[in-house]
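Below, each chain spelled out in residue letters.
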Amino acid sequence: MTSPVSYELVDEIGVITVDNPPVNALSHAVRQGIHDAIAAAQEDASKAVLIVCEGRTFIAGADITEFGKPPKEPHLPDLCNTIEASSKRVVAALHGTALGGGLEVALSCHDRCAVPGAKLGLPEVKLGLLPGAGGTQRLPRLIGASAALDLMTSGNPVDAGQAAKLGLVDHVVDGELRDAALAWCRELIAKDAERRRTSELTVEDVPAGALEEYRKALARRTRGQIAPQKIVDCVEAALTRPFAEGLQIEREKFLECMQSPQSAALRHMFFAEREAAKVRGLASDTPLREMNKVGVIGAGTMGSGIAMNFANAGMQAVLLEVDDEALGRGFGIIDRNYQGGVKRGKMSEEQALACRGRISGTTDYESFSDVDLVIEAVFENLELKQEVFAKLDAVCRQGTILATNTSYQDVDRIAAATKRPQDVIGLHFFSPAHIMKLLEVVRAEKTADDVLATCMALAKKIRKTPVVSGVCYGFIGNRMLGHYAREAQLCVIEGATPEQVDTALEEWGMAMGPLAVFDLAGLDVGYKARQGLPEAERGDPRAFRVADALVEMGRLGQKTGAGFYRYDPKIRQRSSDPEVQTLIEREAALLGVEQREIDSEEIVDRLMFALVNEGINILDEGIAQRPGDIDVVYVYGYGFPAWRGGPMHYADAVGLAHVLQRIREFEQRFGPENWTPAPLLEKLVESGITLAEWAKSKGN
Ligand code: 3HC
Ligand code: NAI
């Protein structure tokens, strides 16, 4: 097998070229190749060595697919030490994304140059890890402890310009990288510039107490996670210990992280997200329809945010409303959102203006005669949506993709309102639509392959994470949520306070407890959805008694200053409300429910396993393609902690047998109406395999 690393002498410079597509990850063969080339350079006529990469990027990190397998020499930390110890000057030439182990290789070089578009970062924390090849010791020596902490605990990259300011890059080159880097190497050789070994630099001190302050703020920001705190431990070692000892501490902490369930969960999420973008049975060369101009119907909460996504990606968007007044309200939302983005430093004033300029308004369907895609976001009502689709069928040119943002309605029935059901699809955005990353792509019975493929590609263009769902009430996310919501509210009727339920889930890791989420979304949304259903399909009537009563009292959640909680109008902080407690007790008495103490473990298990059980049914029915897709839906759409890997990974991690045992217990205690174990769960427990193994056996 040919090595992914080549070495050649170009005049007096030894050039090491890494060519390991797609991202030049540091597989064993790459480590070995660099190691051998550095050894060769010690013996030949080279006066300096250049490390440069082919393809779209410099080395983007350790090879994540090798994690968990027996490690093979040369290990990455040793390779970095070997590079740094080289008797010949070693220069790194960066382009694309120099990440993780890739940046650590660059840090062990004596000089670094980069093209202006290069991005440099240590994203290990996003995989539940810390930089484990000397990065935690070299980075603080090069750019100072405080900047190093920010870079490593956020995991976010900086561009070459920022990197040059930090001292992470020595030279930003113009023109073609390899030639420019070679020219710079010649300059360095000619100047006989001093060779700098990062490990020999001293770390600038930090003020007393600063690290402790940093730890506390970090704990608040990264609640529940272990890797960020271990990064601080390593930086502390860089500040207080010799380099070699620091490396040893880094090694220990890295291995602890690598073996942690948190890292396993985050690595699972990394691959699940990429896997979710692949649609089973869809040929990779499916032709894509051209997408330049998008129409959006309904400029309410969702429609206005949806239009922004396309404008932000450089596309034209036309918003259609019932009248000018409604359009004005929609543009009001859009303007406020852009102003918020500028205030938070997400975009410049000019960028915001340019994006805003790409959105136009109309009250006339004829404006949609030349759009490539329409997304409908009118009220959640099937007849209204069918009416809108019939109109679209009449005005849109053939080939236009017709999408609905419905949360619950049957996309097949919406498609049937047109004479082109093959062009109809669900594109379910999450609120706030210009921010939330998840996009459920609902494949209806007759959706054409090229429509689906185009929407998956479009999702990437507008920076969303797409997950394919089949048609069912609520699709993947909201269908599962129904069960989670039921249990949250039953816990309240049975005696837990709203604060107890929310705190239990938040301490477990959810971004926000369920009742606080209902208050945020508006209790009227669920109320209206229930009213729209036949009584038999509304679910356990005990569960929604309190929420319905709150709506009838005018307590719609945050927007009215009160729902399950009372809200401070200025800071929107929630506080428990005795009035709600009285209501809960009254409703419980009317239902004949004797209230009792419920502990956090029961609350968490009931909510989580309700979610898991329905997720497994969804898999069994083929609504979701694979367990990882459900995990992506929950992490990107519902505030599920990524470090727990989504509900399906969580079920595997705690053990399916344990999940089944708890569900059977709940079935006994609360009855089979709400607690029937998913048949697939029973089957998997019987055959002793995990959901991940089951998915693999089915070719995922
Ligand atoms: N190892 C193995 N495979 C990797 C990889 C890695 N580090 N990074 C990306 N890949 C694979 C992806 O799984 C994907 O495979 P697929 O095509 O089969 O699905 C393929 O490369 C392309 O990746 P993307 O679809 O993500 O391509 P993009 O162009 O959108 O993004 C990227 C490129 C920014 C490099 C992104 O892939 C990324 O962020 N990668 C991870 C970087 C990272 O976390 N590095 C640190 C690793 S940990 C480490 O280095 C430990 C060290 O400190 C000891
Ligand atoms: P909304 O009530 O904020 O906005 C709906 C808009 O549609 C209103 O501005 C209304 O004037 C307009 N409209 C109604 N009939 C119309 C017609 N015939 N032609 C043109 N415009 C018309 O509603 P929201 O929350 O934006 O929801 C829209 C859709 O998105 C619904 O299907 C909802 O289920 C779905 N959705 C809502 C989410 C949310 O969190 N609010 C999340 C995901 C999906």
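Worth saying up front: this structure is predicted, and the values here are computed from it rather than measured.

What counts as what
Residues numbered from 1 in each chain as written. Chains lettered and ligands numbered in written order. Predicted model: local features only at pLDDT ≥ 70, side-chain atom pairs only at ≥ 80, totals over all residues. Heavy atoms only, no water. Axes fitted to C-alpha atoms, helices over the stretch in contact; angles between N-to-C directions. Helix = DSSP H or I, 4+ residues; strand = E, 2+ residues; numbered from the N terminus. Parallel < 35°, antiparallel > 145°, perpendicular 65-115°, else oblique. Contact = heavy atoms within 4.5 Å. Nonpolar A, V, L, I, M, F, W, Y, C, P; charged D, E, K, R; others polar. Buried < 20%, exposed > 50% of the residue type's maximum accessible area, 1.4 Å probe, protein only. Polar contact = N/O pair within 3.5 Å; in protein donor to acceptor, adjacent residues only side chain to side chain. Arc of directions from axis to C-beta. Pairing = 2+ DSSP bridges. Near = heavy atom within 4 Å. Areas by Shrake-Rupley, 256 points an atom, 1.4 Å probe, with all protein chains shown as cover. Right-handed = clockwise from strand over helix to strand, strands pointing away. Domains from an automatic or database assignment. Buried area = accessible area lost by both parts, 1.4 Å probe. Salt bridge = Lys/Arg side-chain N within 4 Å of Asp/Glu carboxyl O. Phe/Tyr/Trp six-rings, centres within 6.5 Å; stacked < 30°, edge-to-face > 60°. Lys NZ or Arg CZ within 6 Å of the ring centre and 35° of its normal. Expected span 1.5 Å × (residues − 1).

Moving on, we come to the packing of helix α24 (residues 600-620) against helix α28 (residues 679-687). Where α24 meets α28, the closest approach of the two axes is 7 Å, and the angle between their N-to-C directions is 90°. The pairing of α24 with α28 is recorded here as roughly perpendicular in orientation. Across the interface between the two elements, Asn 613, Ile 616, Asn 617, Leu 619 and Asp 620 from α24 touch Pro 679, Leu 680 and Leu 681 from α28. Across the contact of α24 with α28, the residue classes break down as 5 nonpolar, 2 polar and 1 charged.

Further remarks concern the environment of Glu 176. Its location among the elements puts Glu 176 in the loop between β9 (171-172) and α7 (177-191). Note on Glu 176: relative accessible area 49%, which makes it partly exposed. Through-space distance from the C-alpha of Glu 176 to that of Val 115 is 8.4 Å; in sequence the pair is 61 residues apart. Side-chain polar atoms of Glu 176 contact the backbone nitrogen of Asp 179, separated by 3.1 Å.

What follows deals with helix α2 (residues 76-85). Those residues of α2 not exposed but buried are Leu 76, Pro 77, Leu 79, Cys 80, Ile 83 and Glu 84. One face of α2 carries all of its buried residues, which in axial projection span an arc of 160°. Looking at the packing, one finds that the buried side of α2 touches α1 (28-43), β3 (48-53), β4 (89-94), α3 (101-108), α4 (135-143) and α10 (243-258).

The next subject is the sheet that holds strand β10 (residues 293-297). The strand order across the open sheet formed by 8 strands is β12-β11-β10-β13-β14-β15-β16-β17, and the pairing between neighbours is mixed. Only two strands of the sheet have a single neighbouring strand rather than two, namely β12 (359-362) and β17 (465-469). In this sheet, adjacent strand axes meet at a mean angle of 25° when their direction is disregarded. Here 4 bridges tie strand β15 (residues 424-429) to strand β16 (residues 438-442), and the two strands are oriented antiparallel to one another. Bridging across to β16, Phe 429 finds its partner in Leu 439. Across the sheet, helix α25 (residues 627-637) is in contact with β16 and β17; its angle to β17 comes to roughly 130°.

The next subject is the site of ligand 2. Taken together, 21 residues lie around ligand 2, and Met 302, Glu 321, Glu 380, Lys 385 and Ser 407 are the ones closest in. Between an oxygen atom of ligand 2 and a main-chain N or O atom of Thr 301, the distance comes to 3.0 Å. Here an oxygen atom of ligand 2 and a side-chain polar atom of Glu 380 are 2.5 Å apart. Contact with the protein chains covers 79% of the free accessible surface of ligand 2, which is 840 Å². Elements supplying a minimum of two residues to the shell around ligand 2: α12 (301-312), α15 (382-395) and β15. Among the residues making up the shell around ligand 2, the classes are represented as 10 nonpolar, 8 polar and 3 charged.

Contacts to ligand 1 come from 26 residues, most closely from Arg 56, Ala 62, Glu 104, Glu 124 and Arg 274. Taking Ala 60, its main chain carries an N or O atom lying 3.0 Å from a nitrogen atom of ligand 1. Gly 101 is positioned such that a nitrogen or oxygen atom in its backbone is 2.8 Å from an oxygen atom of ligand 1. About the coverage of ligand 1: the protein hides 74% of its 990 Å² of free accessible area. Those elements that place two or more of their residues in the shell around ligand 1 are β5 (97-99), α3 and α11 (261-276). Grouping the constituent residues of the shell around ligand 1 by class yields 14 nonpolar, 5 polar and 7 charged.

Attention now goes to the pairing of β16. Across the 5 residues that make up β16, a large majority, 5, are buried. What you see with β16 is no split at all: Leu 438, Glu 440 and Val 442 on one side and Leu 439 and Val 441 on the other are buried throughout. In the sheet, β16 pairs with β17 via 5 bridges, with the strands oriented parallel. Opposite Val 442, over in β17, you have Ser 469 as the bridge partner. Regarding the hand of the β-α-β motif, the stretch spanning β16, helix α17 (residues 449-461) and β17 is right-handed.

For the protein, the assigned domains read domain 1 (5-258), domain 2 (293-469) and domain 3 (477-622 + 625-697). Its C-alpha centre places domain 2 at a distance of 29 Å from the equivalent point of domain 3. Between domain 2 and domain 3, the contact holds 11 residues from the first and 9 residues from the second. Of the roughly 890 Å² buried between domain 2 and domain 3 on both sides combined, carbon and sulfur atoms contribute 66%. Considering only the side of domain 2, the residues that lose the most area to domain 3 are Tyr 408, Leu 438 and Val 467, jointly responsible for 41% of the buried surface there. Our enumeration of links across domain 2 and domain 3 arrives at 0 salt bridges. On inspection of domain 2 and its partner domain 3, the count reaches 1 residue pair in polar contact (both at pLDDT 80 or more).

With that out of the way, let us pick up the pattern of salt bridges. In total, this model carries 53 salt bridges according to the counting rule given. A cluster of three or more residues bridged by salt bridges with shared partners is formed by Arg 486, Glu 487, Glu 494, Arg 596, Glu 602, Arg 606 and Arg 669.

So, on to the packing of aromatic side chains. What the rule picks out here adds up to 11 aromatic pairs. With a centroid separation of 5.5 Å and 75° between ring planes, the pair formed by Phe 430 and Tyr 638 is classed as edge-to-face. With Phe 430 in the loop between β15 and β16 and Tyr 638 in the loop between α25 and α26 (646-654), this residue pair connects regions lying 208 residues apart in the sequence. Of the two residues, Phe 430 and Tyr 638, both sit in the buried class. Each member of the aromatic cluster is reached from another via a ring pair, and the members are Trp 508, Phe 609, Phe 640 and Tyr 650. When the ring centre of Phe 270 is taken as reference, the NZ or CZ atom of Arg 274 above it lies at 3.7 Å.

With that settled, consider unusual backbone geometry. Cis peptide bonds are those with omega within 30 degrees of zero, and the linkage from Pro 21 to Pro 22 qualifies with 0°. Cis geometry is found at the peptide bond from Glu 73 to Pro 74, where omega equals -5°. By the secondary structure assignment, Pro 74 is in the loop between β3 and α2. You will see that Phe 475, though not glycine, has its phi angle at about 55°, which is positive. Structurally, Phe 475 is set in helix α18 (residues 475-494). On the basis of relative accessibility, which here comes to 0%, the residue Phe 475 falls in the buried class.

The next subject is α15. End to end, α15 covers 20 Å across 14 residues, agreeing with the expected 20 Å (1.5 Å per residue, within 8%). Residues of α15 that are buried in the fold lie against β10, β13 (373-376), β14 (401-404), α16 (411-415) and β15. In this structure Asn 381 caps α15, since a side-chain oxygen of it lies 3.0 Å from the backbone nitrogen of Glu 383.

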